[in-house]
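Secondary and tertiary structure notes
Chain by chain, the residues run as shown.
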Amino acid sequence: MKKVLVTGGTGLVGKALQAIIKEQQPSDEEWFFAGSKDADLTNAAATQALFDKVKPTHVIHLAAMVGGLFHNMNNNLDFLRNNLLINDHVLQTAHEHGCHKVVSCLSTCIFPDKTTYPIDETMVHNGPPHSSNYGYSYAKRLIDVQNHAYYDKHGHLFTSVIPCNIFGPHDNYRPEGHVIPGMISRMYELRQQQPELPEEQKVFTVYGSGKPLRQFIYSLDLAKLMIWVLREYQSVEPIVLSVDEAAEVSIYEVAEAIAAAFKFKGQLICDTSKADGQHKKTASNAKLRALLPDFEFTDFKSAIQSSVLWYIENYAAARN
Ligand code: NAP
Ligand code: GDP
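This write-up is about the structure you can find in this document. Source: prediction; values computed, not measured.

1. Points about the environment of Gly-9
Tracing the backbone shows Gly-9 in the loop between strand E1 (2-7) and helix H1 (12-23). With a relative accessible area of 0%, Gly-9 lands in the buried category. Along the sequence, Gly-9 and Ser-36 sit 27 residues apart, while their C-alpha atoms lie 8.9 Å from each other. Apart from the residues lying within four places of it in its own chain, the contact partners of Gly-9 are Gly-14, Lys-15, Gln-18, Phe-33 and Ala-34.

2. Notes on unusual backbone geometry
Residue Tyr-117 is joined to Pro-118 through a cis peptide bond whose omega torsion reads 0°. One can find Pro-118 in the loop between strand E4 (101-105) and helix H5 (134-154). The backbone phi angle of Lys-55 is positive, close to 55°, even though this residue is not glycine. With respect to the helices, strands and loops of the structure, Lys-55 is situated in the loop between helix H2 (44-54) and strand E3 (58-61). Residue Lys-55 is classed as exposed on the basis of its relative accessible area of 55%. Although it is not a glycine, Lys-263 adopts a positive phi angle of roughly 55°. Its place among the elements puts Lys-263 in the loop between helix H8 (251-262) and strand E12 (267-271). A relative accessible area of 61% means that Lys-263 is categorised as exposed.

3. Section: the packing of helix H6 (residues 179-192) against H8
Following both chains from N to C, one finds H6 and H8 inclined at 45°, their axes separated by 10 Å at the closest point. One element, H6, and the other, H8, form an angle in the oblique class. The hand of the H6/H8 crossing is right-handed. Touching Val-179, Ile-180, Met-183, Ile-184, Met-187, Tyr-188 and Arg-191 of H6 are Ile-251, Val-254, Ala-255, Ile-258, Ala-259 and Phe-262, all from H8. Across the contact of H6 with H8, the residue classes break down as 12 nonpolar, no polar and 1 charged.

4. Details of the nonpolar core
One finds Trp-31, Ile-60, Met-226 and Leu-241 to be the most contacted residues of the largest nonpolar core, which totals 34 residues. Of all the secondary-structure elements, those providing two or more residues to this core are E1, H1, strand E2 (29-34), E4, helix H7 (219-232) and strand E10 (239-241). Apart from the residues lying within four places of it in its own chain, the contact partners of Leu-241 are Val-161, Ile-162, Pro-163, Cys-164, Ile-217, Leu-222, Leu-225, Met-226, Val-229 and Leu-288. Of all hydrophobic cores here, the second largest spans 30 residues; its members include Met-187, Ala-261, Ala-303 and Ile-304.

5. Considering the state of the cysteines
Per the stated rule, a full pass over the model turns up 0 disulfides. Cys-105 carries a free sulfur, and the closest cysteine sulfur to it, the one in Cys-109, is 11 Å from it. With relative accessibility at 9%, the residue Cys-105 sits in the buried group. There is no disulfide at Cys-164, and the cysteine sulfur nearest it, in Cys-105, is 11 Å away. A relative accessible area of 3% means that Cys-164 is categorised as buried.

Procedures and definitions
Residues numbered from 1 in each chain as written. Chains lettered and ligands numbered in written order. Predicted model: local features only at pLDDT ≥ 70, side-chain atom pairs only at ≥ 80, totals over all residues. Heavy atoms only, no water. Helix = DSSP H or I, 4+ residues; strand = E, 2+ residues; numbered from the N terminus. Buried < 20%, exposed > 50% of the residue type's maximum accessible area, 1.4 Å probe, protein only. Contact = heavy atoms within 4.5 Å. Axes fitted to C-alpha atoms, helices over the stretch in contact; angles between N-to-C directions. Parallel < 35°, antiparallel > 145°, perpendicular 65-115°, else oblique. Left-handed = near helix turned anticlockwise from the far one by under 90°. Nonpolar A, V, L, I, M, F, W, Y, C, P; charged D, E, K, R; others polar. Core = buried A, V, L, I, M, F, W, Y, C linked by side-chain atoms within 4.5 Å. Disulfide = S-S within 2.5 Å.

Spelled out as structure tokens, the structure:
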């Protein structure tokens with residue numbers, strides 16, 4: 001019997017894993033989804049108590065201090081320290097409990113800022129990350145270093161995935177979150193405000209120039225891929241889990257897709273006084289495609305439509 005502990009099991013990706021596992025849980029797997037209420041993983045004793053309770057054989061390690069561009073820019077020290085602590089506690093406790101496999105989460109935003117494109121798995125450590133999120137980036141890069149060190153010393157299969165930007169139901173809609181939940185929540189509020197004003201006269205603000213480019217993966221697609229990594233992927237080396245390069249969109253196109261999903265009739269403007277962050281971080285999914293050629297990603301516009309609908313239907317319970 002496999003016992004899978006998901007740290008960060010209450011977040012965007014954790015909830016997507018819960019949904020997929022609910023649909024197709026094999027009888028030889030038992031899953032436990034832990035949030036910060038189950039254990040504060042910045043605390044070593046609490047981490048050990050969680051592992052003592054669950055006794056996992058496998059771990060999907062999602063728990064992290066996570067935030068969008070603006071939250072990262074102002075809190076690099078906290079992103080660095082919290083994530084270093086969480087990762088060290090989870091990996092060392094998994095080692096002490098004899099876990100067979102740990103799959104941790106890196107991100108395409110931790111790659112070198114000055115690089116050639118597309119970026120791939122071999123380039124994680126090639127140069128400094130973008131200055132806006134160096135705290136988060138260096139903490140995440142060290143997971144890869146730790147995975148190799150655990151393999152060298154103990155032969156453990158501790159590995160990592162590198163997702164591109166993620167979105168979907170149960171996202172973080174607070175101002176410290178990422179662009180898609182941020183825009184969904186701001187457009188929702190704009191539509192509620194001043195009901196007497198014709199919507200054609202309302203103005204929605206895109207932060208920054210709208211020109212940066214991003215690849216976005218739907219959280220439910222990522223969950224399916226992470227389950228495949230847990231069951232089938234047998235290497236310590238990280239693997240990029242991203243949509244194709246051709247699916248990259250501009251931030252302005254994201255705003256247009258969200259506006260279409262809301263049937264918003266107002267105007268979109270860009271506020272160039274706000275930061276753009278990295279211009280792009282185009283990643284190659286060639287390694288994934290070679291291993292899993294037939295995987296079908298959900299079309300971006302329909303995934304945005306489902307995410308907006310989820311938010312409207314679950315507004316009261318959402319992380320606002
Ligand atoms: P999220 O929605 O913000 O969820 C974060 C999760 O981590 C929550 O379950 C939270 O628990 C838990 N957590 C945070 N601090 C904790 C602590 N001190 N102790 C225990 N648990 C703690 O994040 P997400 O978007 O699902 O991200 C999942 C993983 O994907 C992260 O490793 C992130 O770095 C990576 N990633 C995310 C993106 C993205 O665009 N979102 C892109 C690339 C990679 P509670 O909610 O119960 O407090
Ligand atoms: P990143 O992909 O790590 O840079 O993080 P974000 O998802 O926070 O931001 C992506 C891009 O979206 C940046 O260029 C932001 O300037 C832009 N953006 C536009 N509107 C928003 C918004 O409402 N929230 C956030 N977080 N970013 C926004």
